[in-house]
Amino acid sequence: LKRRTVEVPVPEPNLGFAALNIQKKNSWAVSAQVFRFLSEGYDVLFLTEVNTDIDLPFPFNHGPHSARCSFHLGPGNTNGAGLIVSARVKNYIEFIPSPESQGLLCMAKLTLPGCPSVLLCSVYAPQAQKSFLEGHLDTLLRQHPFVFFGGDFNTVLQFGLDSEGIKVPNPWPWLSTQIFG
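Q: Please clarify how the environment of Leu119 should be interpreted in this entry.
A: Here Leu119 lies in strand E7 (residues 118–124). Judged by relative accessible area, which is 2%, Leu119 ranks as buried. With 25 residues separating them along the chain, Leu119 and His144 place their C-alpha atoms 6.9 Å apart. Setting aside anything within four residues of it in sequence, one finds Leu119 in contact with Ile96, Met107, Ala108, Leu140, His144, Phe146, Val147 and Phe148.

Q: Could you clarify how one ought to interpret unusual backbone geometry in this entry?
A: The general pattern is negative phi for most residues beyond glycine and trans for most peptide bonds. Omega for the peptide link from Phe58 to Pro59 comes to 5°, which places this bond in the cis form. The phi angle at Glu49 is positive, at roughly 50°, despite the residue not being glycine. Positive phi outside glycine occurs at Asn79, with the angle close to 55°. Note on placement: Asn79 falls in the loop between strand E3 (68–72) and strand E4 (81–85).

Q: Explanation requested: the side chain of Asp43 in the structure shown.
A: Mapped onto the elements of the fold, Asp43 is located in the loop between helix H1 (27–39) and strand E2 (44–48). What makes Asp43 buried here is its relative accessible area of 2%. Within the local environment of Asp43, its side chain forms a polar contact with the side chain of Arg88, the two groups lying 2.7 Å apart. Contacts of Asp43, omitting those with residues within four sequence positions, involve Asn14, Leu15, Gly16, Ile84, Val85, Ser86, Arg88 and Val89.

What counts and what doesn't
- Per chain, the residues get numbers from 1 upward, laid out in the order the sequence is written.
- At least 70 in pLDDT is required for a residue's local features to be given in this predicted model, at least 80 for side-chain atom pairs to be given and counted, and no such filter applies to totals for whole chains, interfaces and linings, which use all residues.
- Where side-chain values are given, they derive from all heavy atoms of the structure, hydrogens and water being excluded.
- A helix here means a DSSP run of H or I that spans at least four residues, while a strand means a run of E at least two residues long, and both kinds are numbered starting from the N terminus.
- The buried label applies to any residue whose accessible area, calculated with a 1.4 Å probe on protein chains only, is under 20% of its type's maximum; exposed applies above 50%, and partly exposed to all values in between.
- Contacts were defined at the residue level, with two residues in contact if any of their heavy atoms lie within 4.5 Å.
- Two N or O atoms count as a polar contact when they lie within 3.5 Å, although within protein this holds only if one can serve as hydrogen donor and the other as acceptor, and sequence-adjacent residues are included solely when both atoms are side-chain atoms.

Written out as C-alpha cells, the structure is:
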C-alpha cells in the first residue's frame, strides 16, 4: 500500500471581539464577565466606563493563558476606556498611548504574521464629549488604513438593531456618515 498525503489548507483562525461597558460594576462582576469572554475564545475585549484598572481573573493573569491589558482613565478616574487581549494574540499587540487626556480612547496596534497592521481602538463617547472625540477619530482614520473601533458610542444609528428598543432619535451625524456614507 502506498501512503497518500493530502495537504488541506488550514484557514486562519477567526478573531473574536466583544465590547463591555463596565459602568460601576463591582470588581467580582467585572472579573466574571472578563473570565466568561476570554474562556469563550474572544481575543479582544473593548472596555468602556472603566473608572479603575482591572485585575485579570485566574487563569488569565499569569502562565500560558495570560492575557494583556491596557487602560486609559480620564482626570479623577472618570470615563475610562480599556483593551484586554487574549493569550492567543498578546504577542502581536503593541499598546499605543492615547492622543487625548479625557479617558475616551485606548488603542493598540495588532500585527498578525502575513497581515497588515490594524489599529484597535476602544472608544467611550459620552454625549458631552462627541464633538471633542470627532477630531481624534478623524485623525486616526487618516493615519491608519485599517481601524477597528469598539466600545460605547452612546448613539442609536439603526433603531431596529438597538438592544434596548430605543425609538427616540439619538443620532451622531459624524458617526452615521462614517458608517453609511
